[in-house]
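If you want the building blocks of each chain, they are given just below.
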Amino acid sequence: MQQPFYVVIPARYESSRFPGKPLQEIAGLPMIQRVWQQAQKSFASELVIATDDQRILDVCEGFGARVVMTRSDHESGTDRLAEVAGILQWPADAIVVNVQGDEPLIPPVVIAQVARNLAAHPEAAMATLAEPVEDMATLMNNNVVKVLSDKNGLALTFSRAPLPWARDAFVSEPEVLPAGVLFRRHIGIYAYRAGFLQRFVEWGPCWLEQTECLEQLRALWHGEQIHVADALETPPHGVDTLEDLERIRTLFA
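No experiment lies behind these values; they were computed from the predicted model shown.

Chemist: I tried to follow the packing of aromatic side chains on my own but got confused; where do I start?
Modeler: How two aromatic rings sit relative to each other is given by the distance of their centres and the angle of their planes. Tallied over the entire structure, the rule returns ten aromatic pairs. Measuring from centroid to centroid gives 5.0 Å for Trp36 and Phe63, while their planes differ by 50°, and the two rings are tilted. Taken as a pair, Trp36 in helix α1 (residues 31–40) and Phe63 in the loop between α2 (54–62) and β5 (66–69) lie far apart in primary sequence, 27 residues in all. Per residue, the accessibility class of Trp36 equals that of Phe63, and both read buried. Ring centres of Phe196 and Trp203 lie 6.0 Å apart, and the angle between their planes is 70°; on these two criteria the pair is classed as edge-to-face. Looking at Phe196, the relative accessible area reads 1%, which means it is buried. Judged by its relative accessible area of 28%, Trp203 falls in the partly exposed class. Put simply, the rings of Tyr190, Tyr192, Phe196, Phe200 and Trp203 touch in pairs and so form one group of aromatic residues. The ring of Tyr13 has Arg55 lying over it, and the distance from NZ or CZ to the ring centre is 3.6 Å. Its guanidinium or amino end placed over the ring of Phe200, Arg218 lies 4.2 Å from that ring's centre, counting from NZ or CZ.

Written as structure tokens, this is what we have:
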């Protein structure tokens, strides 16, 4: 039987790229409700939406969600998660999964998977997922985060650069993905231990995460372990733009 876990869905209204995104309608329901419905199927022991906006709170309570109002000055969803864990007084060993509020098609199986993986690896403070990279365009795309892990499935590092750098292969055939090299794309879903969340936000950003703009590097910088496994199912791309939203609406239609 899987260890109980909590799911938190951070939802901000004032997004610089897409204000009001959580409340955008998808096939008759607000996007945040679509995400909440998917997360419910993961069989989390508790599911919470964390917001700093009264409009989002009202809509979410209207469809029956538990909502926690958080501060408006958080720099990231992780900070919001830590505040929720503190407000609800979850124990330090509780497992908390961060589900992004703009992923209405997130597979419930990956939510449960990342929680289960963290429970099975007590040496890790976090768990996340990945998938193989199968083409050079993906490997060279600096918007695609790559991850390298050790033989025990613990992350060595994350980078926007190609990782690892196949020196000899790229010299001889720079346009060809080398055979026999395990390139992996990071999938941005995380499970944390609640006690670690508090330490994480107290540390504040480190130079390495600021350089790569990758928050998970803060954990590695402070000597914490992150477990990485290949996802049982690849989550579809979330909603970053109006074009993404229209694509998702078409899929639902």
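Chemist: I keep staring at the environment of Val176 and nothing clicks. Help me out?
Modeler: Position of Val176 among the secondary structure elements: in the loop between α6 (167–172) and β10 (184–193). Remark: the alpha-carbon pair of Val176 and Glu215, spanning 39 residues in sequence, is separated by 30 Å. In contact with Val176, other than residues within four places in its own chain, are Met136 and Phe170.

Reading the values: the criteria
Residues numbered from 1 in each chain as written. Predicted model: local features only at pLDDT ≥ 70, side-chain atom pairs only at ≥ 80, totals over all residues. Heavy atoms only, no water. Phe/Tyr/Trp six-rings, centres within 6.5 Å; stacked < 30°, edge-to-face > 60°. Helix = DSSP H or I, 4+ residues; strand = E, 2+ residues; numbered from the N terminus. Buried < 20%, exposed > 50% of the residue type's maximum accessible area, 1.4 Å probe, protein only. Lys NZ or Arg CZ within 6 Å of the ring centre and 35° of its normal. Contact = heavy atoms within 4.5 Å.

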